[in-house]
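# Tertiary structure, described
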Amino acid sequence: MKTPYKNIYAVLKLNRFIVLAVVIFAMLSSIFSLWMAYNTNQKALNSAFAINTDGSIIPLKIVTQKENFRVEALAHLDLFHNYFYNIDASNYERNLEKALWLGNSSVDNLYRQKKADGVYNRLLQYSLVQKVLSIESQIEQQSGTYVFRTVTVFEINRGSIIDTYELVSSGNLIPVDRNFPNNPHGLLITEYFENTLKKLDNESRKK
């Protein structure tokens, strides 16, 4: 007895169903993979380091990377200006070495210029104490570049005489790899420049 052949249309219909099922399954798998990749990327972008109230770095999930950048940028500028200007005969070498990690060649060039001008020699010779009193920074984004302006008020103790100065400095900030503990915020100061330095009298200090 001969085996009857299946209807050719039924066979084609079954093949078409199988092909469509495979294509639909492949499309759903691709869509699911893309969604997983996007979701993972968003989670990664929203995970960063944050600044504790004492300025230390702590891992924390934040709402937006931009808000976190501003906090870290202000902490970075505060750290740099403290290291660079809060110096005396006993700590200036250590503090300046730490400050140089936070900026590029523009900071190094300024340090070398001050050294050539005898700033640090006078610090040693007369046992001067240069103490930072306040640091106020403003940060703006201009054409994709983060520009800052910082007002640092510090005093120089010469023993019987204490003079107070206001320094206005400026520069840019660029993101770099974090380097604990040398550069914990992952930022670098570029194009650093001391714009103005003026001596404050008692009336100016009260204001």
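This text goes with the structure placed above it.
Throughout this description, residue numbers start from 1 for each chain and increase along the sequence as written. Confidence filtering applies because this is a predicted model: local features only for residues at pLDDT of at least 70, side-chain atom pairs given and counted only at 80 or more, and all residues used for totals across whole chains, interfaces and linings. The side-chain values count all of the structure's non-hydrogen atoms but skip hydrogen atoms and water molecules.

The next point concerns the nonpolar core. Buried Ala, Val, Leu, Ile, Met, Phe, Trp, Tyr and Cys residues form a nonpolar core when they are joined through side-chain atoms within 4.5 Å. With a 1.4 Å probe rolled over the protein chains alone, any residue whose accessible area is under 20% of its type maximum counts as buried; one over 50% counts as exposed, and the rest are partly exposed. With 30 residues, the main nonpolar core has Phe80, Phe84, Leu173, Ile189 and Tyr192 as its most contacted residues. Strands are runs of DSSP state E lasting at least two residues, helices are runs of H or I lasting at least four, and both sets are numbered from the N terminus onward. Of all elements in the fold, only α2 (65-85), α3 (92-100), α4 (105-116), α5 (119-125), β4 (129-142), β5 (145-157), β6 (162-175) and β7 (187-200) reach the threshold of two or more residues within this core. Per-element tally for this core: the top contributor is α2, with 6 residues. If sequence neighbours within four positions are ignored, Ile189 has contacts with His76, Leu77, Phe80, Leu102, Gly103, Asn104, Ser106, Val107, Phe148, Asn172 and Leu173. Throughout, a contact is declared for two residues whenever any of their heavy atoms are within 4.5 Å.

With that out of the way, let us pick up the sheet that holds strand β3 (residues 87-88). Between any two strands, at least two bridges found by DSSP are needed for them to pair. Strand order across the open sheet formed by 5 strands is β3-β4-β5-β6-β7, with antiparallel pairing between neighbours. Either end of the sheet is taken by a strand with one partner, and the two such strands are β3 and β7. With 13 bridges joining them, β4 and β5 adopt antiparallel strand pairing. Paired with Gln130 across the two strands is Ile156, which belongs to β5.

Hairpin connection of β4 to β5: 2 residues between the antiparallel strands, including Ser143 at a positive phi of 55°. Sheet topology note: the β5/β6 ladder contains 12 bridges and is antiparallel. Across the sheet, the residue bridging to Val147 is Asn172, located in β6. Counted along the chain from β5 to the antiparallel partner β6, the turn is 4 residues long, and its residue Gly159 has a positive phi close to 95°.

Turning to the packing of α3 against α4, a few remarks are in order. Axis definition: a line fitted to C-alpha atoms, over the contacting stretch in the case of helices. Angles run 0 to 180 degrees between N-to-C directions. Interaxial distance between α3 and α4 falls to 9 Å at its minimum, and their mutual angle equals 155°. Classed by the angle they form, the pair α3 and α4 counts as roughly antiparallel. Only Val107, Asp108 and Tyr111 of α4 make contact with α3, whose side of the interface consists of Leu96, Ala99 and Leu100. When the residues that make up the contact of α3 with α4 are grouped by side-chain class, the tally is 5 nonpolar, no polar and 1 charged. Here the angle decides the label: under 35 degrees means roughly parallel, over 145 means roughly antiparallel, 65 to 115 means roughly perpendicular, and every other value means oblique. Note on residue categories: nonpolar means Ala, Val, Leu, Ile, Met, Phe, Trp, Tyr, Cys or Pro, charged means Asp, Glu, Lys or Arg, and polar means any other residue, Gly included.

Looking now at the pattern of salt bridges. Salt bridge, as applied in this entry: a Lys or Arg side-chain nitrogen positioned within 4 Å of an Asp or Glu carboxyl oxygen. Counting across every chain of the model gives 6 salt bridges. Between Arg112 and Asp108 there is a salt bridge; the shortest N-O distance is 2.8 Å. Residue Arg112 and its partner Asp108 are located together in helix α4, separated by 4 residues, close to a single helical turn. By relative accessible area, which is 53% here, Arg112 ends up exposed. For Asp163, the salt bridge goes to Arg158, with nearest N and O atoms at 2.6 Å. Through salt bridges with shared partners, a single network forms among Arg158, Asp163 and Lys199.

This part covers unusual backbone geometry. Each neighbour pair has its own omega, and for Phe180 with Pro181 the value is 0°, a cis peptide bond. Among the structural elements, Pro181 can be located in the loop between β6 and β7. Phi at Ser127 is positive, roughly 50°, even though this residue is not glycine. Inspection of the secondary structure puts Ser127 in the loop between α5 and β4. Of the residues examined, Ser127 reaches a relative accessible area of 54% and is grouped as exposed.

Next up on the list: the layout of surface pockets. For each structure, a 1 Å grid was placed over the protein atoms alone; sets of points admitting a 1.4 Å probe that cannot get out are labelled cavities, open sets with protein on both sides within 12 Å along at least five of seven lines are labelled pockets, and lining residues have an atom within 4 Å of a point. Grid points are joined across faces, edges and corners, and a volume is the space filled by probe spheres set on the points. Each pocket or cavity is described by its volume, and for the largest pocket that value is around 390 Å³. Along its surface, the largest pocket is lined by 18 residues, and Lys114, Val119, Gln130, Phe154 and Ile156 are the ones closest to its centre. Sorting the residues of the lining of the largest pocket by element identifies α2, α5, β5, β6 and β7 as the ones contributing at least two each. Among the elements that line the lining of the largest pocket, the one with the most residues is α5, at 4 residues. For the lining of the largest pocket, a count of residues per class yields 12 nonpolar, 2 polar and 4 charged.

Below, the discussion takes up the side chain of Ser106. With respect to the helices and strands, Ser106 occurs in helix α4. Given the relative accessible area of 16%, Ser106 is considered buried. In protein, a polar contact requires one atom able to donate a hydrogen and another able to accept it; more generally it is a pair of N or O atoms within 3.5 Å, and residues adjacent in sequence count only if both atoms are side-chain atoms. At a separation of 2.6 Å, a polar atom in the side chain of Ser106 contacts the side chain of Asn104. Among the polar contacts made by the side chain of Ser106, one reaches the main-chain amide nitrogen of Glu191 at a distance of 3.2 Å. Not counting residues within four places of it along the chain, the set of residues in contact with Ser106 comprises Ile189, Thr190, Glu191 and Tyr192.

Functional significance is not addressed by these values, which are geometric in nature.
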